[in-house]
Amino acid sequence: MSSRVHTNGLGNLWSRLKRGLGGTYVSVEPFHLFRYLDEQVFRYNNRATKENPLNDADRFHLALSQIAGKRLTFAEVTGKVGETTF
């Protein structure tokens, strides 16, 4: 039985995450770390392979189809949900 699950995939994902956090983003807040991780997991799971030849436009359409109808407010992003400002 041939299995495609191995530790090399995890090492590859970890390497991409470290490069993304260190090279792409100016400042990373620990509060938002799960969002950066979710982005890298999406990119990794939707990378181009022989069986699934995706391009950037395909990934963009896939991402848009998953967020349609959802709302994320600035207060939710900054963790200030429920706070009152005067």
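Use the structure listed above.
Everything quoted here is computed from the prediction, not taken from an experiment.

Cut-offs applied
- Residues numbered from 1 in each chain as written.
- Predicted model: local features only at pLDDT ≥ 70, side-chain atom pairs only at ≥ 80, totals over all residues.
- Heavy atoms only, no water.
- Helix = DSSP H or I, 4+ residues; strand = E, 2+ residues; numbered from the N terminus.
- Axes fitted to C-alpha atoms, helices over the stretch in contact; angles between N-to-C directions.
- Parallel < 35°, antiparallel > 145°, perpendicular 65-115°, else oblique.
- Left-handed = near helix turned anticlockwise from the far one by under 90°.
- Contact = heavy atoms within 4.5 Å.
- Salt bridge = Lys/Arg side-chain N within 4 Å of Asp/Glu carboxyl O.
- Buried < 20%, exposed > 50% of the residue type's maximum accessible area, 1.4 Å probe, protein only.

**Student:** I keep staring at the environment of R43 and nothing clicks. Help me out?
**Tutor:** Looking at the element boundaries, R43 is found in helix α2 (residues 33-45). Distance from R43 to R59, taken between C-alpha atoms, is 8.1 Å for residues 16 residues apart in sequence.

**Student:** Would you take a moment to explain the packing of helix α1 (residues 7-23) against α2 for this structure?
**Tutor:** When two helices pack together, their arrangement is given by the angle between the helix axes and the distance between those axes. Between α1 and α2, the least distance of the axes is 10 Å, while the angle of their chain directions is 125°. With respect to α2, the axis of α1 lies oblique. Viewed along their axes, α1 and α2 form a crossing whose handedness is right-handed. Counting all contacts with α1, which are made through G9, N12, L13, R16, L17 and L21, the residues of α2 involved are L33, Y36, L37, Q40, V41 and Y44.

**Student:** Please clarify how the pattern of salt bridges should be interpreted in this entry.
**Tutor:** Oppositely charged side chains are able to pair whenever their charged atoms sit close together. For the coordinates displayed, the defined rule picks out two salt bridges. The salt bridge involving E39 is made with R43; its shortest N-O contact spans 2.9 Å. Residue E39 and its partner R43 are located together in helix α2, separated by four residues, close to a single helical turn. Of the residues examined, E39 reaches a relative accessible area of 26% and is grouped as partly exposed. Of the residues examined, R43 reaches a relative accessible area of 46% and is grouped as partly exposed. The partner of R59 in a salt bridge is D56, and the shortest N-O contact between them spans 2.9 Å. One end of the pair, R59, and the other, D56, are both in helix α3 (residues 56-67), three residues apart, so they sit about a helical turn from each other.

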